[in-house]
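Below are the chains, spelled out letter by letter.
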Amino acid sequence: MATATIDGNEAAARIAHLLSEVIAIYPITPSSPMGEWADAWSSQDTRNLWGQIPDVVEMQSEAGAAGAVHGSLQAGALTTTFTASQGLLLMIPNMFKVAGELTPAVFHVAARSVATHALSIFGDHSDVMACRMTGWAMLASGGVQEAHDMALIAHAATLRARMPFLHFFDGFRTSHEVARIETIDTDVARALVDDELVADHRARSLNPSHPTIRGTAQNADVFFQAREASNPYYEAVPGIVSEVMDKFAEETGRRYSLVDYIGHPEAEKVVVLMGSGTGPVREVVERRAGEGEKIGALIIRLYRPFPTEAFVEALPDTVRTIVSLDRTKEPGATGEPLYQDIVATIDRSDRSGIRIVGGRYGLSSKEFRPEMVVAVFDQADTAPQGFTIGIEDDISNLSLDWEDGGWQESDTVQRALFHGLGSDGTVGAAKATVKIIANETDLYAQGNFEYDSKKSGSWTVSHLRISPDPIHSTYWVREADFVGIHDFAALDHENLLETASDGATVLLNAPIPADEVWGALRTPVQQTIVDKNLSVWAVDAYEVADRVGLGRRVNTVLQTCFFHLLESDDFPSAVAIPAIKASIEKAYGKRGEVVLRRNFAAVDGAVAGLAEVPIGEVGADREFVKRIPDHAPDFVQKVTSQMLERKGDFLPVSAFDADGTWPTDTARWEKRSIALEIPTWDADLCIECARCSLVCPHAAIRVKAYEPELLADAPESFKHRMVDKGPQKGKAMTIQVAPDDCTGCSICVEICPAVSKEVAKHKSINMTAKTKDVL
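Owing to the predicted nature of the structure, the values given are computational and were not obtained by experimental measurement. (Residues numbered from 1 in each chain as written. Predicted model: local features only at pLDDT ≥ 70, side-chain atom pairs only at ≥ 80, totals over all residues. Heavy atoms only, no water.)

With that settled, the discussion passes to the sheet that holds strand 25 (residues 721–722). Taking strand neighbours across the sheet as the criterion, the three strands line up as 24-26-25 in an open arrangement whose pairing is antiparallel. One side of each edge strand has no neighbouring strand; the edge strands of this open sheet are strand 24 (701–706) and strand 25. Pairing of strand 25 with strand 26 (residues 732–737), which is carried by two bridges, proceeds in the antiparallel orientation. Within strand 26, the position partnered with Met 722 by the bridge is Ala 732. (Pairing = 2+ DSSP bridges. Helix = DSSP H or I, 4+ residues; strand = E, 2+ residues; numbered from the N terminus.)

This is the structure we're talking about:
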């Protein structure tokens, strides 16, 4: 069977495009790539299972997309869409109609937090749980392979059941995870999708050739009865999905059940959950149950209609404690949705004497680690109802204690971390690296990516795993064999090497020669290098990239250095370098020969610029630069500073106002200092237009006119000029730049009209490397 190294969004979108005729889309993070993939495939004339090119239509809102889906379905077309969060909620009115009319359809959802006290672009199940009443069947995926497989199962089952399906997977955690999967070919799809059922769907369409009415208004005398008429269809759904899963297993060898059990056959404690959280639960259960501990886990695949019979059958007879883990919060309820379903299921069964406790985890992509799973099992018998795991709740005291760092991954797994900045190419290079390893070797590779909501220019962390065995770890790497730091300035503020394992390899993108790197490092970083016996290498990736014409796109350079340092019998340079170049050609081939030539030159020049850093004595008195000054307000000192230092996970509940209120004027304390080049002022050329200050998106350029007498004590280096026109004539003026606030966008240079007649391309405002003496 063919394989592909792709992310969860593409895995689902491939099936959706193959089995749809109309795809109505509207972009929303983190589901947007599904629509982008579908649109690209149709524009390339990629055909569906029936030889047609699906119509991909972008609407002006999610509500519009839902309306287009509804109308297309009523016309008899096989139709889908992709969405998340508020976008999904805007579709709810149409979802009620589609389900009430028993219309086959599939929505693919990269599940994401719904905005409450604050907006969040990250993943949990609050959006799909808000759709429980719509009448849609719900199918959950816990990884990239499952997103691919469940997408097909949903499209096949919806036609058999005449029930619309909402197929969901965790936003970012699964939607953006890159992994190698076994792909589904058209023969498998044909075996599962019955053309007669497609014809039946078309026959039920609203068509003037066989007119009928659907969606009438009803009074109190008949609405109730008509609403109950669909009960047999819902009762049939679990059996239909189970049959489709069995057929899928026959065709692919990958077997799923409505509820999958893993663990000890005589388990006494069982955790129940769905989605990507099943990854760390699986690791803990398989290891500890293998050691004889009587624990297990139930993984929910079909969430609606809730598979009560399958749940009870999968539950070992020996269970005395069930722990329900919900990735959502339903304020004011007796318990979260999954917990309530489990309570009702056990109450209706012949099982008794079982303690059922519900808890919350992982809201808005909050980290969910094996250590937390261990704590849940260990405290299952004493945990309070509605407990939380992964946070410190010092208000309601519902949180469980857990030991950070108390879990060791398998020795067969190699782990790497890449710290970069949004839009610097680090994430793209990491994704390409995963694909190269997975496609060119027999190893499995996985990439998970940590983003900041500020996106471009903000920090990113790419978490890579490489193993001879399949990888199910859906949590961040905490102990890495390789650490790449693509933003050298970040080491002035925090010790990014704390996550390096003993003897690990470190790659620094340093703007200075390798023999000067040691002296430029802060004392805690030096100490970590010595204590952990780290091998440190440096390359000036920006210099290499600039020399070959790539500007500040350093991903190609650093990727090549990574493979050079990673070289092994499994993946020698003779294989790696051609693979990197093939990846570049695939990614940038459409941009022309010049772009390809520059990237190839970056590959060829990368290793030449790589050098090992000599390790010296640990220096003294070079502590980290504080991100927040001591005179900042109390809230900024206690809360904002922790968030800027990426320690927000450790803030307790009491640090935040219950209604989401936030102090104003906190952004000015955030000095990211991400620009490699900043604008400098040539006072002699200036025509005093102040356009540079006007267009600066971050207010990093300030213009000031003042009395000349104030220059009496100014140093010679202080730049100024006399204003020779306008209402400020006769005064002195200065244009200054805040280097820590500047992002290096160069809009000020583009807008500056004052051009030198002697020096080509020289203006009154010019970009200059920040490492030079430019102030």
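Having seen the model, we can carry on.
This part is about the pairing of strand 8 (residues 178–182). Looking at chain direction, strand 1 (residues 3–7) and strand 8 are connected through five bridges and run antiparallel. Residue Ala 4 lies in a different strand from strand 8, and its bridge partner there is Ile 181. Two strands pair when backbone bridges link them, and strand 8 and strand 17 (residues 444–451) are joined in this way by two bridges, in the antiparallel orientation. Bridging across to strand 17, Ala 179 finds its partner in Gln 446.

Read from one edge of the open sheet, six strands run 9-11-10-13-14-15, paired in mixed fashion. The strands lining the two open edges of the sheet, one partner per strand, are strand 9 (259–263) and strand 15 (387–389). Taking each pair of neighbouring strands and ignoring which way they run, the sheet shows an average axis angle of 25°. The sheet contact formed by strand 9 and strand 11 (residues 295–300) spans five bridges and is antiparallel. Residue pairing across strands places Asp 260 opposite Ile 299, the latter belonging to strand 11. Relative to strand 11, helix 12 (residues 278–290) is tilted by about 150°, and along the sheet it contacts strand 9, strand 10 (269–273) and strand 11. Along the sheet face, helix 14 (residues 337–348) touches strand 10, strand 11, strand 13 (321–326) and strand 14 (355–361) and points at about 150° away from the line of strand 13. (Axes fitted to C-alpha atoms, helices over the stretch in contact; angles between N-to-C directions. Contact = heavy atoms within 4.5 Å.)

Moving on, we get to the pattern of salt bridges. Enumeration over the complete set of coordinates arrives at 41 salt bridges. A salt bridge links Lys 638 to Asp 634; the nearest nitrogen and oxygen atoms lie 3.4 Å apart. Pair noted here: Lys 638 and Asp 634 are both in helix 23 (residues 634–644), with a separation of four residues, about one helical turn. Given a relative accessible area of 52%, Lys 638 falls into the exposed group. Given the relative accessible area of 48%, Asp 634 is considered partly exposed. The partner of Lys 731 in a salt bridge is Glu 707, with the nearest N and O atoms 3.9 Å apart. Of this pair, Lys 731 sits in the loop between strand 25 and strand 26 while Glu 707 sits in the loop between strand 24 and strand 25; the two residues are 24 residues apart in sequence, bridging distant segments of the chain. Accessibility expressed as a relative area gives 26% for Lys 731, which makes it partly exposed. Take Glu 707: its relative accessible area is 40%, and that puts it in the partly exposed class. A network of salt bridges, in which partner residues are shared, links Arg 173, Glu 367, Arg 369 and Glu 371. (Salt bridge = Lys/Arg side-chain N within 4 Å of Asp/Glu carboxyl O. Buried < 20%, exposed > 50% of the residue type's maximum accessible area, 1.4 Å probe, protein only.)

Our next topic: helix 1 (residues 8–18). Within helix 1, ten of the eleven residues are buried, leaving the element largely enclosed by the surrounding structure. Listing the buried residues of helix 1 in full gives Gly 8, Asn 9, Glu 10, Ala 11, Ala 12, Ala 13, Ile 15, Ala 16, His 17 and Leu 18. The N-cap of helix 1, judged by a side-chain oxygen 3.2 Å from the amide nitrogen of Asn 9 a few residues on, is Asp 7. (Polar contact = N/O pair within 3.5 Å; in protein donor to acceptor, adjacent residues only side chain to side chain.)

Our focus in this paragraph is the side chain of Thr 680. Within the secondary structure layout, Thr 680 lies in strand 23 (residues 677–681). Reaching out from Thr 680, the side chain makes a polar contact with the side chain of Thr 768 at a distance of 2.9 Å.

Before going further, it helps to spend a moment on the packing of helix 16 (residues 426–440) against helix 20 (residues 555–566). Orientation of helix 16 relative to helix 20, taken along the N-to-C sense of each, is 40°, at an axis distance of 9 Å. Classified by the angle between their axes, helix 16 and helix 20 sit oblique to one another. When you trace helix 16 past helix 20, the crossing you get is right-handed. Between helix 16 and helix 20, the residues in contact are Thr 426, Ala 429, Ala 432, Thr 433, Ile 436 and Ile 437 and Asn 555, Gln 559, Phe 562, Phe 563 and Leu 566, respectively. Broken down by class, the residue content of the contact of helix 16 with helix 20 amounts to seven nonpolar, four polar and no charged. (Parallel < 35°, antiparallel > 145°, perpendicular 65-115°, else oblique. Left-handed = near helix turned anticlockwise from the far one by under 90°. Nonpolar A, V, L, I, M, F, W, Y, C, P; charged D, E, K, R; others polar.)

Our next topic: helix 22 (residues 593–606). Spanning 14 residues, helix 22 covers 20 Å between terminal C-alpha atoms, matching the ideal 20 Å at 1.5 Å per step. Every buried residue of helix 22 is listed here: Leu 596, Asn 599, Ala 602, Val 603, Gly 605 and Ala 606. In this structure, the buried residues of helix 22 make contact with strand 21 (535–539), helix 19 (541–547), helix 20 and helix 21 (573–588). (Expected span 1.5 Å × (residues − 1).)

On the secondary structure map, His 493 appears in the loop between strand 19 (480–485) and strand 20 (500–509). Only 3.2 Å separates the side chain of His 493 from the backbone oxygen of Val 625, close enough to count as a polar contact. Ignoring sequence-local partners within four residues, the contact set of His 493 consists of Phe 624, Val 625 and Arg 627.

The linkage connecting Thr 29 with the following residue, Pro 30, adopts the cis geometry, with an omega of 0°. Turning to its location among the elements, Pro 30 is positioned in the loop between strand 2 (22–25) and helix 2 (32–43). The peptide bond linking Arg 304 to Pro 305 adopts the cis configuration, its omega dihedral lying at -10°. When you line up the elements, Pro 305 lands in the loop between strand 12 (302–304) and helix 13 (308–314). Phi at Leu 102 is positive, roughly 50°, even though this residue is not glycine. Mapped onto the elements of the fold, Leu 102 is located in the loop between helix 5 (92–100) and strand 5 (106–111). One non-glycine residue, Ser 364, lies in the positive phi region at around 55°.

Moving on: the state of the cysteines. Inspection of the entire model under this criterion finds zero disulfides. In this structure Cys 689 is not part of a disulfide, and its nearest cysteine sulfur, from Cys 752, lies 6.1 Å away. Looking at Cys 689, the relative accessible area reads 36%, which means it is partly exposed. (Disulfide = S-S within 2.5 Å.)

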